[in-house]
Amino acid sequence: MPVGAGDITGDGSVDALVTGLDRRTLEVHPGRGDGTFAPRVAVDLGGEVHAFHVADLDRDGRGDIVASSFASLAVLWGRAGERFIAGPAGVGGFPLARALAVGDLDRDGLADLAVPSTRGSEVWVFPSPASLSPRAPEVLALSRLLTTVECTDLDGDGALDLAGADPVDRLLTVLLDAAGGVRRESALAACLLPAAVALGRMDGDGAADLVVPCAASSELAVLLAAGGGAFSEARRTGTVSGPRGAAIEDIDRDGAATRTATGR
């Protein structure tokens, strides 16, 4: 069950987001800024939640929530007032969704949604859902079906790119051009049953590296950036049994990032 964090209330404090035990309810626990939380606000999304992201989609200073499931894609808008989050608004014209990524892929100043299809090797990009004149989704035809997707600048050209894992053993990196179209893609050997992709700086060179939790072998595979969107061979290290997710952060403040994995 996914968890997350972000400032939904717009008060400058980080709020905690937790998926309910029924997997269709999203609970927001407003942070007080001192490690404690105000009473939760729960929203029923009408379907089983598989992933969500917190981002200020409409640039009003409050975090919004984008949630995906196998049956729906919904946006919950952050707003002022005691009820600080609006009920879910559906996003139409999407494929079945198991995961999603949020970022300004077309560089128009507004966040876009990238959703890998469960039916084929495509990623659907929904441009600027907060725009007053939203455009139809664009379909990126790729070589592999992806079970997860994330976005960051992989080659240092200032445009966001995509990285995702297939259901078997490969990591796919997709370099996009300034308009959000596919410029180049590469299938990299990762590990058996890659469960997710974490993006961060592992070696201090300023470029985004890739960390992949390997569900079948209970390892983390680390692929270091080699410049221009290329990556080194995967280096593997043991971790918790059956990892399903990973995060990258400098936990001990020594200037080097630490890999953290979550299990079943």
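Look up a bit, the structure's there.
What comes next is a walk through the structure.

Conventions we followed
- Residues numbered from 1 in each chain as written.
- Predicted model: local features only at pLDDT ≥ 70, side-chain atom pairs only at ≥ 80, totals over all residues.
- Heavy atoms only, no water.
- Helix = DSSP H or I, 4+ residues; strand = E, 2+ residues; numbered from the N terminus.
- Buried < 20%, exposed > 50% of the residue type's maximum accessible area, 1.4 Å probe, protein only.
- Contact = heavy atoms within 4.5 Å.
- Areas by Shrake-Rupley, 256 points an atom, 1.4 Å probe, with all protein chains shown as cover.
- Core = buried A, V, L, I, M, F, W, Y, C linked by side-chain atoms within 4.5 Å.
- Polar contact = N/O pair within 3.5 Å; in protein donor to acceptor, adjacent residues only side chain to side chain.
- Pairing = 2+ DSSP bridges.
- Axes fitted to C-alpha atoms, helices over the stretch in contact; angles between N-to-C directions.
- Patch = residues over 30% accessible without salt bridge, like charges linked within 9 Å, V, L, I, M, F, W, Y side chains within 5 Å.
- Salt bridge = Lys/Arg side-chain N within 4 Å of Asp/Glu carboxyl O.
- Disulfide = S-S within 2.5 Å.

### Side note on the overall build of the chain
Now for step 1: The helix and strand tally for the chain stands at 0 helices and 24 strands.
Now for step 2: Among the 264 residues that make up the chain, the fraction classed as buried is 45%.
Now for step 3: At a minimum sequence separation of 6, the contacts of the chain that also span at least 24 residues come to 35%.
Now for step 4: With the model as given, the accessible surface of the chain reaches about 11900 Å², and the carbon-plus-sulfur share is 50%.

### Let's talk about the side chain of T19
Now for step 1: For T19, the location among the structural elements is in strand 2 (residues 15–19).
Now for step 2: Residues in contact with T19, not counting those within four places in the same chain, are M1, P2, T25, L26, V49 and F52.

### Brief notes about the nonpolar core
Now for step 1: Counting residues in each nonpolar core, the largest one holds 16 residues, and the members touching the most others are L154, L171, V197, L210, V212, L223 and F231.
Now for step 2: Put simply, the parts of the chain that give this core at least two residues each are strand 14 (161–165), strand 15 (170–176), strand 18 (209–214) and strand 19 (219–223).
Now for step 3: Of the residues forming this core, the biggest block, 3 residues, is contributed by strand 18.

### Observations concerning the side chain of E27
Now for step 1: Structurally, E27 can be placed in strand 3 (residues 25–29).
Now for step 2: Under the relative-accessibility criterion, E27 is labelled buried at 13%.
Now for step 3: Within polar-contact distance, the side chain of E27 engages the side chain of H29 at 3.4 Å.
Now for step 4: A distance of 2.5 Å separates the side chain of E27 from the side chain of R40, its partner in a polar contact.
Now for step 5: Those residues within four positions of E27 in sequence are excluded, and the remaining contacts are A16, L17, V18, G20, R40, V41 and A42.

### Topic: the pairing of strand 11 (residues 122–126)
Now for step 1: Bridge analysis of strand 10 (residues 112–116) against strand 11 gives 4 bridges, and the strand direction is antiparallel. Counterpart to L113 in the pairing with strand 11 is F126.
Now for step 2: Between strand 10 and strand 11, which follow one another and run antiparallel, lie 5 residues.
Now for step 3: Pairing analysis gives 4 bridges linking strand 11 to strand 12 (residues 138–141), with the strands arranged antiparallel. Paired with V125 across the two strands is E138, which belongs to strand 12.

### Structural notes on the sheet that holds strand 3
Now for step 1: Spatially, 1-2-3-4 is the arrangement adopted by the 4 strands of the open sheet, whose pairing is antiparallel. Edge positions in the open sheet fall to strand 1 (3–6) and strand 4 (41–44), since each of these has one partner strand only. When strand polarity is set aside, the average angle formed by the axes of neighbouring strands in this sheet is 20°.
Now for step 2: Direction of pairing for strand 2 relative to strand 3: antiparallel, over a ladder of 4 bridges. The partner of L17 across the bridge, within strand 3, is V28.

### Looking at a nonpolar patch on the surface
Now for step 1: A cluster of nonpolar side chains, contributed by V168, L192 and L193, occupies part of the molecular surface with about 260 Å² of accessible area.
Now for step 2: By the secondary structure assignment, L193 is in the loop between strand 16 (182–189) and strand 17 (198–200).
Now for step 3: Exposure remark for L193: the relative accessible area of 41% places this residue in the partly exposed category.

### Describing the state of the cysteines
Now for step 1: A complete count under the given rule lists 1 disulfide for this structure.
Now for step 2: Each sulfur in the disulfide pair C191 and C214 lies 2.3 Å from the other. Between C191 and C214, the S-S torsion sits near -95°, and that sign places the bridge as left-handed. You can see C191 sitting in the loop between strand 16 and strand 17 and its partner C214 sitting in strand 18, a full 23 residues away along the chain.

### Some thoughts on the sheet that holds strand 14
Now for step 1: The strand order 13-14-15-16 describes an open sheet built from 4 strands, whose pairing is antiparallel. At either margin of the open sheet sits one strand with a lone partner, and together these are strand 13 (148–152) and strand 16. The sheet shows a mean angle of 20° between the axes of neighbouring strands, taken without regard to direction.
Now for step 2: Direction of pairing for strand 14 relative to strand 15: antiparallel, over a ladder of 4 bridges. Bridge assignment links A165 to a residue of strand 15, and that residue is L171.

### Description of the environment of R83
Now for step 1: Structurally, R83 is set in the loop between strand 7 (73–76) and strand 8 (89–90).
Now for step 2: Since its relative accessible area comes to 41%, R83 is described here as partly exposed.
Now for step 3: Contact partners of R83, with chain neighbours within four places excluded, come to V41, A42 and V43.

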